[in-house]
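Structure assessment
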Amino acid sequence: MYLVLQALRLTKYDYRLSNKLDTDLQKLRCRVNYHALRFTDPIQELGKRLIQRMREKSRYFIALHLRFESDMLAFSGCYYGGGEKERRDLGAIRKRWKTLHTSNPEKGRRQGRCPLTPEEVGLLLRALGYGSDVHIYAASGEIYGGEETLAPLKALFPNYHTKESLSRKDELTPFLAHSSRMAAIDFIVCDGSDAFVTNNNGNMAKILAGRRRYFGHRRTIRPNAKQLYHLFTNRGNMSWDKFSSQVRKVQKGFIGDPMEVKPGRGEFHAYPAACICEKTDENKSNPGSNQEIVNRTGIRKAIGEPAYPVYTDEEADGSDTEDDPTGTGEEVVITEDDPAAGEEMVTEDDPTVTEEVIDTEAEADDGSSVRQEGSELEEILSD
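Reading the values: the criteria
Counting starts from 1 at the beginning of each chain's written sequence and moves along it residue by residue. Whole-chain, interface and lining totals are the exception, using all residues; otherwise, since this is a predicted model, local features are given only for residues with pLDDT of at least 70 and side-chain atom pairs are given and counted only at 80 or more. Side-chain figures throughout are based on the complete set of non-hydrogen atoms in the structure, without hydrogens or water. Segments assigned H or I by DSSP are reported as helices when at least four residues long, segments assigned E as strands when at least two residues long, and all are numbered from the N terminus. Burial here depends on accessible area, computed with a 1.4 Å probe over protein chains only, as a share of the maximum for the residue type. Under 20% is buried, over 50% is exposed, and the range in between is partly exposed. Residues count as neighbours in contact if any of their non-hydrogen atoms are within 4.5 Å of one another. All accessibility values rest on the Shrake-Rupley procedure with a 1.4 Å probe; residue burial counts only the protein chains present in the view. Any pair of Phe, Tyr and Trp rings, taking the six-membered ring for Trp, is counted once the centres come within 6.5 Å. Such a pair is stacked with planes under 30 degrees apart, edge-to-face with planes over 60 apart, and tilted for the rest. Here, a disulfide means two cysteine sulfur atoms that sit within 2.5 Å of each other. For helices, the fitted line uses only the C-alpha atoms of the stretch in contact; every axis is such a line through C-alpha atoms, and the angle between N-to-C directions lies from 0 to 180 degrees. Should an angle lie under 35 degrees it is considered roughly parallel, over 145 roughly antiparallel, and from 65 to 115 roughly perpendicular; all remaining angles are considered oblique. Crossing handedness is read from the near helix: turned anticlockwise from the far helix by less than a right angle, it gives a left-handed crossing, and turned clockwise, a right-handed one. Multiplying one less than the number of residues by 1.5 Å gives the expected span of a helix. Nitrogen and oxygen atoms within 3.5 Å of one another constitute a polar contact, given that in protein one can donate a hydrogen and the other can accept it, and given that sequence-neighbouring residues count only through two side-chain atoms. Per-residue confidence from the predictor is given as pLDDT, running between 0 and 100.

- Under an unreviewed UniProt entry, the name given to the protein is O-fucosyltransferase family protein, and the organism recorded is Aegilops tauschii subsp. strangulata.

Written out as structure tokens, the structure is:
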């Protein structure tokens, strides 16, 4: 008698699975995502070394998933003010996807479907209270516009690092020819950060958000792009204090608080609620329970967290976003008239919104000093 073991590999199906599965199936999905899959040893080792090097530079650091590569922008159909050259460059790339509809860049921005620019991410973080001394690890590919595009972000956060700047040439060379392996290194460093920020809502950002929730809450900041659009557009017509106050209002519910998303809401990869144990008095009093704990800095750490996901070298060669940078398989349209579409937005009329989204006199729970530096910022932004 012979036992034949076979495996069927299906690529690009993870984000097409239904969110609404039986609880047991959802838990199986979590066991696969967070326990069964592993990155190969070379990827894990380099990722951990980069985290250590970031810690040597600063006790705390922010990881920024910055999707602003030319193919990402072309796929989104968004326009960022680069004139005819930008339209020509991105238009030529956009022709790779035959099924995309004619884009309406202005409408896309209004609906929050466009990735934030590096400058907008910097303004968001400074408005939330992160000072210029905070160290940032940027996970990204080749930024469209290069250093000119990155300059405003680096002016706001001079301590700007990437895997290229932290690694020796001989360390990174084995991975350079494989985009998914490079992304895996970024994944590990982002997961090990004190705060994770994204300028988009793609697959990697969702999976990292879910993983950080599953292994004990760690702050994950998502831009409320639909509401932020109006603030960025009118930035020149208001003081820094007013701008930052308004940013904190619209980001209520998007700054990574533990209970900010109701059970059953949101995409499963980002909110694996079925797999997260409910907090009870017994859990809180039992130091041996496999629940999140809070250290004296206020950063929550998980007990017994497994190693990072590992994939075989063959699996690592294929990137599930090379043909579809957003990882959606199609252009998602969120209508302004549908309040249930997309993520839950917070408006200024929402009675739950208060000025005290973040205590600007306290220390952030990820260890960065939270303070307002209005005069300094006005000077930088006026240059």
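**As for the overall build of the protein**
- Of the regular secondary structure elements, the protein holds 16 helices and seven strands.
- A burial count over the protein gives 48% of its 383 residues as buried.
- Taking the contacts inside the protein whose residues are at least 6 apart along the sequence as the reference set, 78% of them involve residues at least 24 apart.
- Accessible surface, the protein as shown: approximately 20,200 Å² in total, 50% of it carbon and sulfur.

**Topic: the packing of aromatic side chains**
- Summed over the entire model, instances satisfying the criterion amount to eight aromatic pairs.
- Relative to F215, the ring of Y214 has its centre 4.8 Å away and its plane inclined at 85 degrees; by these criteria the two rings are edge-to-face.
- Relative to F243, the ring of F232 lies with its centre 6.1 Å away and its plane at 45 degrees, an arrangement referred to as tilted. In this pair, F232 is assigned in helix α12 (residues 225-233) and F243 in helix α13 (residues 240-250), connecting sequence segments eleven residues apart.

**With respect to the state of the cysteines**
- Applying the stated criterion across every chain, the model contains two disulfides.
- The side chain of C30 participates in a disulfide bridge whose partner is C275; the two sulfur atoms lie 1.9 Å from each other. Here the disulfide of C30 and C275 is right-handed, its torsion about the S-S bond being about 85 degrees. Of this pair, C30 sits in helix α1 (residues 23-36) while C275 is found in the loop between α13 and α14 (281-285), placing the two residues 245 residues apart along the sequence.
- Take C275: its relative accessible area is 15%, and that puts it in the buried class.
- Among the cysteines of the protein that take part in disulfides, numbered as they appear in the sequence, the pairing is 1-4, 2-3.

**Examining the packing of helix α2 (residues 41-57) against helix α10 (residues 179-191)**
- Closest axis-to-axis distance for the α2/α10 pair is 8 Å, and the angle between their directions is 45 degrees. In terms of orientation, α2 lies oblique with respect to α10. For the element pair α2 and α10, the recorded crossing hand is right-handed. Residues I43, Q44, L46, G47, K48, L50 and I51 of α2 form the contact with α10, whose participating residues are R181, A184, I185, I188 and V189.

**Re α2**
- End to end, α2 covers 25 Å across 17 residues, agreeing with the expected 24 Å (1.5 Å per residue, within 8%).
- Buried within α2 we find I43, Q44, L46, G47, L50, I51, R53 and M54.
- Structurally, α2 contributes buried residues whose contacts are with β1 (61-65), β2 (135-139), β3 (160-161), α8 (163-166), α9 (169-172) and α10.

**Details of the side chain of R248**
- By secondary structure assignment, the location of R248 is in helix α13.
- For R248, a relative accessible area of 9% puts it in the buried group.
- Within the structure, the side chain of R248 is placed 3.3 Å from the backbone oxygen of A127, a separation counted as a polar contact.

**Regarding the confidence of the model for the protein**
- Looking at the protein, pLDDT values average 77 and 69% of them are 70 or higher.
- Note on residues 282-364: pLDDT under 50 across the span, and 179 contacts to partners over four residues away in sequence or across chains.
- The model gives residues 367-372 a pLDDT under 50, and that stretch makes 27 contacts with residues more than four places away or in other chains.

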